[in-house]
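# Coordinate inspection notes
Given next are the chains, with one letter for each unit.
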Amino acid sequence: MQKNLLAAQTDLFIFSDGPKTYADKASVDAVRQLATQVTGFKTVQVIARDSNMGLANSIISGVTQLVNKYGKVIVFEDDLVSSPYTLQYFNDALAHYANTEQVMHISAYMFPLQDATLPETFFFRAAFSWGWATWARAWKNFEPDIDVLMARFDAEKIHQFSIEGTMNFWKQMQDFKARKNNSWAIRWYASVFLNNGLTLNPAQSLIHNIGHDGTGVHSNIEDTYGVQVAQQAVKYFPDVLQENKPAYNAIKYFLKNRKGNLLQRGLRFAKQLTLKYLPTK
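First, a word on what this report is: a plain description of the structure on this page. Just so it is clear, the structure is predicted and the values come from calculations on it, not from any experiment. (Residues numbered from 1 in each chain as written. Predicted model: local features only at pLDDT ≥ 70, side-chain atom pairs only at ≥ 80, totals over all residues. Heavy atoms only, no water.)

### Examining the packing of aromatic side chains
Centre distance and the angle of the planes are the two values used to describe a pair of aromatic rings. Applying the stated criterion across every chain yields a total of 29 aromatic pairs. With a centroid separation of 5.9 Å and an interplanar angle of 45°, the aromatic rings of Phe-111 and Tyr-225 are classed as tilted. Taken together, the residues Phe-111 in the loop between strand S5 (103–107) and strand S6 (121–124) and Tyr-225 in the loop between strand S9 (207–209) and helix H9 (245–257) connect sequence positions 114 residues apart. The class of Phe-111 is buried, set by a relative accessible area of 7%. Judged by relative accessible area, Tyr-225 falls into the buried class, the value being 13%. Between Phe-111 and Phe-254, the aromatic rings sit 4.9 Å apart at their centres with planes inclined by 20°, giving stacked as the arrangement. Taken together, the positions of Phe-111 in the loop between S5 and S6 and Phe-254 in helix H9 put the pair 143 residues apart, joining distant regions of the chain. Residue Phe-111 shares its accessibility class with Phe-254, and that shared class is buried. Here the aromatic cluster, defined as three or more aromatic residues joined through ring pairs, consists of Tyr-109, Phe-111, Phe-124, Phe-128, Trp-130, Tyr-225, Tyr-248 and Phe-254. (Phe/Tyr/Trp six-rings, centres within 6.5 Å; stacked < 30°, edge-to-face > 60°. Helix = DSSP H or I, 4+ residues; strand = E, 2+ residues; numbered from the N terminus. Buried < 20%, exposed > 50% of the residue type's maximum accessible area, 1.4 Å probe, protein only.)

Here is the structure:
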């Protein structure tokens, strides 16, 4: 992110969660030491948690703190590589839709879609969390209570929420309720969806997630979502407030076919097992 064109004009807040166990303390201290050495931004402030809040609570708390103070926030996790124009995209979009209530979320990541005719940016329903931004006016609609959220869904809403069954978004909701994951992001997407919100997305991704090497929380070892980040500034922002149907279809096609045929799935699974269990030199 230091190489972004607006980095030198950006106030950076680094939230460092506390160690889960005493054995983790040395690693956390080392990360915090590196964080204090970050340069290239207007200001850098490290917020070191005294105790371990966990991924979801740490992000929810940090986002709430910053939107309450500044009215808006841009959020990066530590396993993301950005385009030089990512911060410019976020800032331009935050300004463009500042008072547009229906636009609730700005995403910087996009799947490797096959439709080359899509506009530079478009509206979609799902809120992707690999590099994103929002406003206090939208974040006030965030509902952390999974039971409250799930009670508002019927069969048709579940179908639409899951992009016609092509993505496991509803299972993520069920898994959170069963304490099988600790996702803030699925509850944020549900909050946006239930408020008929729109999310802004780039046709060519401005973010690449390198956390799929086995180090990322909630991420598998895979390259399904790998992209080449855009190397040009985003200039177009739609003003018609509706989901882009061709983009919806392109995303649905990608999600439906992303795992490939049975042979491709088997080879990917074998690769994951190899990378996970075989010793490295």
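### Quick word on the pattern of salt bridges
A full pass over the atoms with the stated rule returns five salt bridges. With a shortest N-O distance of 2.5 Å, Lys-177 and Asp-147 are connected by a salt bridge. With Lys-177 in helix H7 (residues 169–177) and Asp-147 in helix H5 (residues 146–150), the pair connects residues that are 30 residues apart, well separated along the chain. The exposure class of Lys-177 is partly exposed, given its relative accessible area of 45%. The salt bridge involving Lys-171 is made with Asp-175; its shortest N-O contact spans 2.8 Å. Within this pair, Lys-171 and its partner Asp-175 are both found in helix H7, separated by four residues, close to a single helical turn. For Lys-171, a relative accessible area of 45% gives the class partly exposed. (Salt bridge = Lys/Arg side-chain N within 4 Å of Asp/Glu carboxyl O.)

### Side note on unusual backbone geometry
The phi dihedral of Glu-164 falls on the positive side, at around 55°, and the residue is not glycine. Topologically, Glu-164 is positioned in the loop between helix H6 (155–161) and H7. In the Ramachandran plot, Arg-179 falls in the positive-phi region, its phi being about 65° despite a non-glycine side chain. By the secondary structure assignment, Arg-179 is in the loop between H7 and helix H8 (185–194). Among the residues examined, Arg-179 registers a relative accessible area of 78% and is labelled exposed.

### Thoughts on the packing of H7 against H8
Relative to each other, H7 and H8 sit at 120°, their axes nearing to 9 Å. With respect to H8, the axis of H7 lies oblique. Crossing geometry of H7 relative to H8 is assigned as left-handed. Where H7 abuts H8, its residues Phe-169, Gln-172, Met-173 and Phe-176 lie against Ile-186, Arg-187, Tyr-189 and Ala-190. Residues of the contact of H7 with H8, tallied by class, amount to six nonpolar, one polar and one charged. (Axes fitted to C-alpha atoms, helices over the stretch in contact; angles between N-to-C directions. Parallel < 35°, antiparallel > 145°, perpendicular 65-115°, else oblique. Left-handed = near helix turned anticlockwise from the far one by under 90°. Contact = heavy atoms within 4.5 Å. Nonpolar A, V, L, I, M, F, W, Y, C, P; charged D, E, K, R; others polar.)

### A closer look at the pairing of strand S7 (residues 132–135)
In summary, the side chains of a regular strand alternate between the two faces of the sheet. Burial along S7 is two-sided: the residues Trp-132 and Thr-134 and Ala-133 and Trp-135 are all buried. Summarising the sheet, strand S3 (residues 72–75) and S7 pair through four bridges and their orientation is antiparallel. Pairing of Val-73 across the sheet is with Thr-134, part of S7. Two elements, S5 and S7, share two bridges in a ladder whose sense is antiparallel. Across the sheet, the residue bridging to Ile-106 is Ala-133, located in S7. (Pairing = 2+ DSSP bridges.)

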